[in-house]
Structures are given as structure tokens and as C-alpha cells.
Amino acid sequence: MRPIHLTMTAFGPFADTQTIDFAKLGQNPLFLLNGPTGAGKTSILDAICFALYGKSTGDEREAAQMRCDYAAPTTLTEVTFEFELGSQRYRIRRVPEQARPKKNGEGTTDQKPEAQLYRVDGEQEVLLVPSKVSEANALIEQLTGLDADQFRQVMVLPQGKFRQLLMADSKEREKIFSQLFQTQIYRKIEDKLKAQAAALRKENDALANQRAGMINALELEEGITLEDEQAKLAPKLADALTQKNAHTQAYEQANHALVSAKSIAADFTALAQLKAEQLKLDEQSGVITQTQQRCERAQQAQQIEPSYQFYLAREQEAQLSQKALQQSEEQLKQGQRVASEKAAEFAKLAQLNEQAKAEQAELQKLNGLTVPFNALAELAREIKQAETARLNGQQQLQTFEHKLAQCLQQKQSDDAELAKQQQLAEPLFNLQQQFNALQAHEKTHQQWLKASAELALLGERLQQSLVNGKALNLAEQKEREQLNQAQLRWHQGQAAILAQTLQQGLPCPVCGSGSHPAPAQPQHDLPTEAVLEQLTQQANKAQQDLASARQEYKSLNVQLTEKQQFVAELALSLGEYVQYSAQQLTQHLQGLKGQVEQAQLAQNQVKTITERLKQQQQQEEPLRQQVDAESKRVNQLQSQLAQLQGKEASLREQIPTDFSSLTQLERAITAATKALTELELNIQTIRDQHQVAQTALAQLQAANTAAIEQNETSKTRQEQALTGFNHQLAAANFADLAAYKQACLTKAEISALTEEINAYQQACQKNQANTAQLAEKLTDINEPDMAQLTQQAERLLAQKAQAEATWQGLHNRAEQLQKAALQLAELGKKITQVEQEYEVVGTLANVANGQTGNKISLQRFVLSVLLDDVLLDASARLQLMSKGRYRLLRKEERAKGNKASGLELEVEDAYTGKVRSVATLSGGESFMAALAMALGLSEVVQAYAGGIKLDTLFIDEGFGSLDQESLDLAVRTLMDLQSSGRMVGVISHVSEMKEQLSTRVDVNKTSIGSTLTLVLP
């Protein structure tokens, strides 16, 4: 990945837009990012890392905290970064979450984070990600092959992060290297083999459990096999089948006899029921006879019903005609009375006509007075409009005067506030410098406290090591003394052992004498060779423990000296702050932060007030012009109003005093018009009502005559209908009208009675037929004993069921055993096959996943080989920078417990000839080792050329911990790297670096934000 162009807006300490054109630095530049502490050098790396991954290089600030405090509220914080990956160029723009002013109205709204990623093809750009942050992050990781953490560790060495790559354990380093060298295939092989082995093991366990479950389910007796159980069951099953067939045949015969007996018994029961039903039918015969008579009378009444209905209709007509005659006579009397009243009113029409003529003359007189009143009304409207215009003008004038006064008052207030805020903002630059310096001191103070605690711990460990060394020295002397004494006793005891083998007359193997007057006597505590061997091992172990303790003491003493020097350097850089506690320093920092924020707030207020004063100056002159123009317009309106009021007074003199207003005249005209209209309407109404009354009276007289004639006719028809109905009653043998009504029934009632009679007759006929049929069928047949037959059938059914249950149980058992035998045979085949397959796959899985030997997995083994290549290159650079003292090695010893191993690092010290942990390196040594490691990693990754191309490296500080000679060696190493086609950017404020690197980007610090300057040789 090679940077091309970086644009930052309102980011970090940069208030406006700042750009870096990396292309101007050269093809493979080695350049310096230079500037004072707190100017924003690291913020450039933060911007690159944020553009790619949305995070800073140190991962100490969230994206939302990267906005510049000096930026204008309307300026949006964003970063645009253009870079190359191989031959392809890309551009990404990223905006963090932040508060921005609302487009409409006051206040702020939240700006959501967004990211756009483009592929640059010549002059064209292809949009790959429109705005979604997660999609941009995923695609960047896919393109670069690195996530944010890996990018920070491999391509950027940020402040305080030098040792992370160097100090990473096997697990962390495996994660980084597997991504860089694309060794995930080996991890997939491990997982695949592990999953296959687990699946086979699980399948084998399941098959074994299934086989055990099947055998347990058979419930075999102890010592009895499945084949024995099947042979034992066969004769029992054949005997049970014979018994089942015999009992089934006996039951079927008994059941057939029972079914026949049930049929005969049912016939006897049915015959008895029929006889009982016949007795009930005989009891109902009298009621049925009465019902037949009632039905016949109802049918006779039904025949003369039309004559009765005709009589009722004629009777109703007579009643209605009589009522109509009475109403007609009443209406005739009412019509005569109304006609008399309307005739009297018609006689007064002449007097009403004269009154109407007088009203007409008065109305014409009033209408003549409307002309001057109309002119006066129009003039009043004009006066009102003029008065309204004058009042509006006065109000507008007051508004303009009020605005002008407010503007002058606000200007005076803002002038005073501006002077006050300028005074508060004046020390901002000094306060910001003090705050930045104190922040750096706070970090140094934390390092000093931590280093002091570590120094105290080293002192305690050194003292304890001294005590342990003395104890081990005494123990070693004691063990050595015991060994010497035992060896002495053993040598002395050899003479006694030899004396035991001497024989008189035979020569001594020592002196050759055949006489042995005083042979040596054995001692009781003579040590054996095994005891001597054990004491020798104990003495050697005590000597090794003492040597290890002495080596540990020397190592701790060296670490203590280095740590004391480091603590002293930190204390010197802290100066007077070394006397502060962490809480005091934090309180002081918070106090300075509050002052800086207050000064920044005041500076923002200065900008706001200055802008407001400019706006007020622009508003003041137009307001003065508006006040003068409105004052002239109000005077003109006042003059026009006076002229209209004079015309109004002249017109009022022409109007009679009886009418003070047009409204009063209009009311008088309206009243006169209404009176005339009502009078004319009354005259017409009297004429119309007189005519209507005469016409109505003639119609009522004619209707009364017709009603009298209709009444006589209805009475005659009623008498004729009554005579005819009485003749039919007598012919039907009804004594009177009451007897007829008593016999009357509805058609539904007659139909119901008829059905009842028919049903009775049918029931009698059906009963007689069924009784005769059953009596003939049961002739010469006796009623069976159902209790005895039922008991016999039930007994045989129970025997049959018992025999079937016995056979079924044995049959089910035989089928169960047969099915189990087949299933167990099949399971045996499967278990054998799975065990054979697991023997191969399980072994491969254990080896690939590091479950054997040194517990090194397949991927970690591959990575260890790659790490060795990295360490070869890194050690060559580290030896150059350390003047041949240090060389990086991979620790091959297995880690304790189940901890992953195989990728840990150690450092070989040529001065002491010892190999020790990389954690024992000092700050400057750690920086050189981390730099060498990063450069070696870059070389090896690109040498394999199958994955990620690391052709850019950024180094943030660390050179201040090097002496002049080490610094020269480090710069020479970076130049060698540059000559091999790498872009190397160094961030440092060390003056010696500025002298050695002529190509640089200067970060200029000001009170309103930092700026960038590109310096080329």
C-alpha cells in the first residue's frame, strides 16, 4: 500500500482543509514529519488510519473525538485518502459522527458516520461503497489483507506501540502472520480434520450406545445369548399357537348359539310390546270418536263461512257510510261559518285601498333623501381608509424607530462584550502550550510511577535472589560435604570388603602376602554405590541451582541498573513535576484544561461578536433611511384626512335633523316598504280567501247530498245480507250465530284433527298386522335362557383372549429377537468401519492440531518456518543497529501447561553470550528490535509475493531514546530500506533527524489551529 494524496478538514489540530501530496516527495521517499510537541504530527497517521479503518493509530481516541476544536461550526470534519495497492489506485472519503448546525432553524443535529470508497481507473472513478461504514471497513480489510490492529502493528509503529509486535505471544503473532502470509488454508485443514475426527468419534459413541441400548432393551438373563433365547422360545410359540386355535373355535360355536338366542328373545319381547300398544289404542277410541264429530261440524261451518263474511262486509260498509254522513254534515256547518266571516272582511276592501295609496306617497318621499346620504357614506369610507393608513404609518414609524434604537443599544453592548472576550481569549496560545506540555508530563509521570514501582519490585527480587543465593550456597556446601564424607567412607570400606575375600595361604591382591594376621573390619554405615550416585546427583543439582541463582542475580542486577537509569531519565525530564502525585498532576491538568476551554470559548465569542457587529453596521443606515421616509408619508396622510373631514361637514348640513344617519333613513324606508307590502298582501289575501270560501261551501253542500244517498243504500244492502246468512244457518242445523262460531275452526286445526284420526287408524292396522306375523313365527318355539348362554360365551371368550395374549406375547418376543439380531449385525459392521476410519483421521487431527509432541499445530509449524526467515533478516538489521550485540531468535522450547508455543521470541546478547526474553530490552533497544522486526517482516512478506505487499512504513517517535551512534545506524537502515523501493515516513521532533532528512512535511502550530508545509531538497 502506497499513499498518493491525503486531505484533512477540521481533523485533529487542523481547523481548515490541509493536504499532503505524497507524489511530490518522490518515487521512494524517506521523509520526516517534523513539528513541535502537540502540533499534530501523529494526527497525520491518525488521519490515514481513520480514512482506511475509522480508527486512530494509537486506538486511544474514538472517531467522534477527532474533530478540531478550532474549526467553524459549519465546517464538516472529513478525511479523503488516495492510495495504491499494486497497480490499482483507490480513493476513500470518511466522515466521523459529529454535531453540525441544522439546515433549517437553530440548534444542532447529529451527523451520522459515512464512508465512500472509489476505484480510480485513469480519469474515471467507480463507486464501490456508497456510504455504509461497515461495508467500507470490510472491503478495505479484503483489499489490504489487514484489519485495523494488524495495520497498526505492521505498517505503522505509533507512539507507545513499538513493543506490541515485538512482545506479542504465540497466539497473537499467529493471528498477524497468518493474515500476512495467507496461511489460513492450514488452519482450515486443522479445523476440517478436527471436525471430521469429532464427528467420527461422536458417531462411534452413538453407535456403541445404540448397540448397548438395544441389548439392554432385550432384557436377556445373565449368561444367556440372543441365539439361546431364540432357541428356547421356538417350542413355546408353537404350543401357544395350537392352544389359541382351539379356544378360538370353541368360542365361535358358543357365540353363534348366543346370537341365535338373542334373535328369538328379541321376537318375544317385540310381541309383548305390540300387545301392550294395542291395549293403549283401545283406550283412545272414545276420544277419537269425539274428534271425528268435531271435525265434521267444523267442515259444515266452513261451507257457510263465505255468506258470513259477506254479511260482515255489508255491516262494515253501513257503519262507514253513517260515519261519513256525520263528518259531511259537520264540515258543511264549518264551511258556512267561514264563508260568512270572509264575506264581512271582503266588505272592508275600499278603506284598505285608500290607506295603501297614502303609504306609497310616503315611501317615495323617503327614497329621495338617499342621494346625500350615499355621498356622505362614500366620504366616510374614504375618511376611514385615510385614518387607517395614517395609524399604520405611525405604527410602522414607531417600529422602525424601535429597531434603530435596539440596533444602537446592541452595538454598544457588543462593543463592551468584545473587549471583555478579547481580554479572556488573549492567553489562549500560552495556555494551550502549557496544557500540551503538561499532558506530555502526565504521560511521562505515569511511566515514571510505573517504572519506579517496577524498580522497587526489582530491588525486592534482587534482595530475595541474594538471600536465596546464600541459602543455596550453604546447601551446595552441605551437599558437597556429605558427598565427600560418603566417598571417604566408601574408599575406606573397600579394604574391609577385600578382607572378607582373603583366605589363609593365598596371596593378598594388595600386598601379596599369604599371611593375614589383622584383616580390616567392615563398618556398619558403609555406603552403597546407589547411595553414592544419589549423593552425587544431589550435589550436582545443588551446584546447578547455585549457578542458576547467581545467573539470575546477575540478570536482575543488570535490569535494576538499567531500570534505575530509565527512572532517573524520566525524573530528569519531569523536573519539578516529579514531586507531584498523580492526583495533583491530574488536578493541575484539569485546571489548565478548564482555562483552555474558557479561552477557546472566549475566542469563539470574539469571532461571533465581530461578525454580529458587522451585520449591525450594515443594518443601521437602512433603518435610518426607513425612519425618515415613513415620517414624511405620515405627514402627507394627515393632510389628506383633514380635507376629507371638511367635505363631510358640508354634506351633513343638507340632511334633515330627523335622520342623523343613513342607517336611520334606511330603517325608515324599510319600515315604510314593509308596511306597504303587508297592506297590499292583506288586500290580496282577503280577496283570495273570500273566493276560496265560496267555492268550498258549494263543494261541501254537494258532498253532503251524496253522503245521505250512500247511507241509505248501505243500510238496505246490510239487511239483505243478514237475511241470506240466517237462511244458511238454519239449513246447516246451527241454532244460532253463537253455535256457528263455536263450531268454526281454522284450516290448520281441521288438518291437524284429520291427521290425528288417520294416524290412530294406521297405528291400529299396523299393530294388528305385526302381532299376527310374530305370533305365527313363534308358534312351537320356547323362549331361550339368555343368562346361561351369555355366561358360557363370556367364559369361552376369556379363555380365547388369554390364549391369544399368551401367543401374541411369545410372537412379539420372537419378532423382537429376530429384528434385534439383524440390527446388531448391521451395527457391528458400521462400528468396525467407523473405528478403522477414526484410527486414520483421529491421528491426523491430533498431529495437525498440536495435540502431540511439542504441541505445535500445522499452521503454527508453517508460520514458525516463515518467522525464522523474518528473524534472519531482522537479526541482520538489529546486529547492524546494535553494533553486533543483539540477534533475534525463535524460542523452540515447549510452553508450560496447555499454552500455545512455537512463535515466542528471544534475544541473544553477544556481550554476555546468554539468550534472554525480549522483554528485558531497554526502551531504545526495544525500538531498534521492533524496527528491525517490522523491516524484516516487510522484506519476507514481499519476498513470498503471494499475499500482501507492504511497501510503506511509518515510524512515530522512538528515535529520542537512541544515542547519536545508534541514531546514525537506524537512519542508515531506513535509507537502505528506501533504496529497495520503500516509502518510509518518520515522525520525530529530534533536531538531529531534521538535519539528516532534508525531505519533510513541517507541521506549524498556531493559536487557531495547525497548518502543513511541504519542504523539498
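Conventions we followed
Residues numbered from 1 in each chain as written. Predicted model: local features only at pLDDT ≥ 70, side-chain atom pairs only at ≥ 80, totals over all residues. Heavy atoms only, no water. Helix = DSSP H or I, 4+ residues; strand = E, 2+ residues; numbered from the N terminus. Buried < 20%, exposed > 50% of the residue type's maximum accessible area, 1.4 Å probe, protein only. Contact = heavy atoms within 4.5 Å. Areas by Shrake-Rupley, 256 points an atom, 1.4 Å probe, with all protein chains shown as cover. Expected span 1.5 Å × (residues − 1). Arc of directions from axis to C-beta. Phe/Tyr/Trp six-rings, centres within 6.5 Å; stacked < 30°, edge-to-face > 60°. Lys NZ or Arg CZ within 6 Å of the ring centre and 35° of its normal. Pairing = 2+ DSSP bridges. Axes fitted to C-alpha atoms, helices over the stretch in contact; angles between N-to-C directions. Salt bridge = Lys/Arg side-chain N within 4 Å of Asp/Glu carboxyl O. Bend = angle between axes of the 7 residues up to and from the residue. Parallel < 35°, antiparallel > 145°, perpendicular 65-115°, else oblique. Left-handed = near helix turned anticlockwise from the far one by under 90°. Nonpolar A, V, L, I, M, F, W, Y, C, P; charged D, E, K, R; others polar. Polar contact = N/O pair within 3.5 Å; in protein donor to acceptor, adjacent residues only side chain to side chain.

Draft legend 1. Region of the structure containing the overall build of the protein. In terms of helices and strands, the protein carries 22 helices and 17 strands. Taking all 1017 residues of the protein together, the buried fraction comes to 36%. Counting contacts in the protein only where the partners sit at least 6 residues apart, residues at least 24 apart contribute 77% of the total. Element-wise, carbon and sulfur atoms account for 50% of the exposed surface of the protein, whose accessible area totals about 59500 Å².

Draft legend 2. Quick peek at helix α2 (residues 133-144). Between its terminal C-alpha atoms α2 stretches 16 Å, which fits the 16 Å expected from 12 residues at 1.5 Å a residue. Those residues of α2 that sit buried are Ala-136, Ile-140 and Thr-144. Projected down its long axis, α2 shows its buried positions confined to an angular sector of 50 degrees, all on one face. After α2 finishes, the residue Gly-145 shows a positive phi value of roughly 75 degrees.

Draft legend 3. How the structure looks around the packing of aromatic side chains. Taken as a whole and assessed by the stated rule, the structure comprises five aromatic pairs. Here the aromatic rings of Phe-81 and Phe-83 are separated by 5.4 Å at their centres, their planes lie at 20 degrees, and the arrangement is stacked. Here the aromatic residues Phe-22, Phe-31 and Phe-954 are joined through ring pairs into a cluster of three or more. We note Arg-91 situated over the ring of Tyr-118; from NZ or CZ to the ring centre the distance is 4.4 Å. Arg-314 extends its terminal NZ or CZ atom over the ring of Phe-310, reaching a point 4.5 Å from the ring centre.

Draft legend 4. Quick look at the side chain of Gln-600. Inspection of the secondary structure assignment puts Gln-600 in helix α14 (residues 582-652). Ignoring sequence-local partners within four residues, the contact set of Gln-600 consists of Asp-69, Tyr-70, Leu-428 and Gln-432.

Draft legend 5. Broad picture of the sheet that holds strand β8 (residues 114-121). On the basis of which strands lie adjacent, the open sheet formed by six strands has the order β2-β1-β4-β5-β8-β9 and antiparallel pairing. Both outer strands of the open sheet, β2 (14-21) and β9 (124-129), are each paired with one neighbouring strand and no more. Put simply, the sheet's adjacent strands are angled 15 degrees from each other on average, direction ignored. Judged from the seven bridges that link them, strand β5 (residues 88-95) and β8 form a sheet pairing that is antiparallel. Within β8, the residue paired with Ile-92 across the bridge is Leu-117. Across the sheet, helix α1 (residues 41-53) is in contact with β1 (2-11), β2, β4 (78-85) and β5; its angle to β1 comes to roughly 100 degrees. This element, α2, spans β4, β5, β8 and β9 of the sheet and lies at about 40 degrees to β8.

Draft legend 6. Structural context of the pairing of strand β6 (residues 98-101). Relative to strand β7 (residues 108-111), β6 runs antiparallel, the two being bridged by four bridges. From the neighbouring strand, Ala-99 faces β7, where its bridge partner is Asp-110. The hairpin formed by β6 and β7 contains six residues between the paired strands, and Gly-105 there has a positive phi angle of roughly 90 degrees.

Draft legend 7. Structural detail: the sheet that holds strand β12 (residues 905-909). Strand order in the open sheet formed by three strands is β11-β12-β13, and the pairing between neighbours is antiparallel. In this open sheet, the two edge strands, each paired with only one partner strand, are β11 (886-890) and β13 (914-917). In this sheet, adjacent strand axes meet at a mean angle of 35 degrees when their direction is disregarded. Pairing of β11 with β12, which is carried by five bridges, proceeds in the antiparallel orientation. Within β12, the position partnered with Arg-890 by the bridge is Leu-905. The strands that helix α19 (residues 858-881) touches are β11 and β12; relative to β11, the one it contacts most, it runs at about 175 degrees.

Draft legend 8. How the structure looks around the environment of Ile-176. Tracing the chain through its elements places Ile-176 in helix α5 (residues 170-180). Judged by relative accessible area, Ile-176 falls into the buried class, the value being 3%. Separated by 25 residues in the primary sequence, Ile-176 and Phe-151 place their C-alpha atoms 9.5 Å from one another.

Draft legend 9. Structural view of the pattern of salt bridges. Overall, the coordinates contain 20 salt bridges when judged by the stated rule. A salt bridge links Arg-187 to Glu-190; the shortest N-O distance between them is 3.0 Å. Of the two residues, Arg-187 and Glu-190 both sit in helix α6 (residues 184-218), three residues apart, roughly one turn of that helix. The salt bridge partner of Asp-873 is Arg-877, with a shortest N-O separation of 2.8 Å. Of this pair, Asp-873 and Arg-877 both sit in helix α19, four residues apart, which is roughly one turn of the helix.

Draft legend 10. Inspection of the pairing of strand β15 (residues 983-987) at higher detail. With five of five residues buried, β15 lies mostly within the body of the structure. In β15, alternate side chains face the same way, and those of Met-983, Gly-985 and Ile-987 on one face and Val-984 and Val-986 on the other are all buried. Across four bridges, the pairing between strand β3 (residues 30-34) and β15 is parallel. For Leu-30, the partnering residue across the bridge sits in β15 and is Val-984.

Draft legend 11. Here's a closer look at the environment of Ala-298. Along the polypeptide, Ala-298 turns up in helix α8 (residues 285-303). Residues Ala-298 and Lys-741, spaced 443 residues apart in sequence, show a C-alpha to C-alpha distance of 9.5 Å. Beyond its immediate stretch of four places on either side in the chain, Ala-298 contacts Ala-743, Leu-745 and Ile-750.

Draft legend 12. Geometry of helix α18 (residues 786-848). Between its first and last C-alpha atoms α18 spans 87 Å; for 63 residues at 1.5 Å apiece the expected length is 93 Å, and the two agree. The largest bend along α18 measures about 30 degrees and falls at Tyr-838. Gly-850 sits one or two residues past α18 and shows a positive phi near 70 degrees.

Draft legend 13. Looking closely at the packing of α6 against α18. At a closest axis distance of 8 Å, the pairing of α6 and α18 adopts a crossing angle of 155 degrees. Taken as axis vectors, α6 and α18 run roughly antiparallel relative to one another. The way α6 lies across α18 gives a crossing that is left-handed. The residue makeup of the contact of α6 with α18, split by class, is 20 nonpolar, six polar and nine charged.

Draft legend 14. Spotlight on unusual backbone geometry. Positive phi, normally seen in glycine, also occurs at Ala-10, with a value near 55 degrees. With respect to the helices, strands and loops of the structure, Ala-10 is situated in strand β1. Residue Lys-883 is not a glycine yet carries a positive backbone phi of 60 degrees. Mapping Lys-883 onto the fold places it in the loop between α19 and β11.

Draft legend 15. Highlighting the environment of Lys-55. Among the structural elements, Lys-55 can be located in the loop between α1 and β4. As a C-alpha pair, Lys-55 and Ala-148 span 93 residues in sequence and 7.3 Å in three-dimensional space.

Draft legend 16. Quick look at the side chain of Arg-877. Note on Arg-877: relative accessible area 14%, which makes it buried. Side chain to side chain, Arg-877 and Asp-873 meet in a polar contact 2.8 Å long. When near neighbours in sequence (up to four residues on either side) are disregarded, Arg-877 contacts Ala-932, Leu-935, Gly-936, Glu-939 and Thr-973.

Everything listed is a geometric property; what it means functionally is a separate question.
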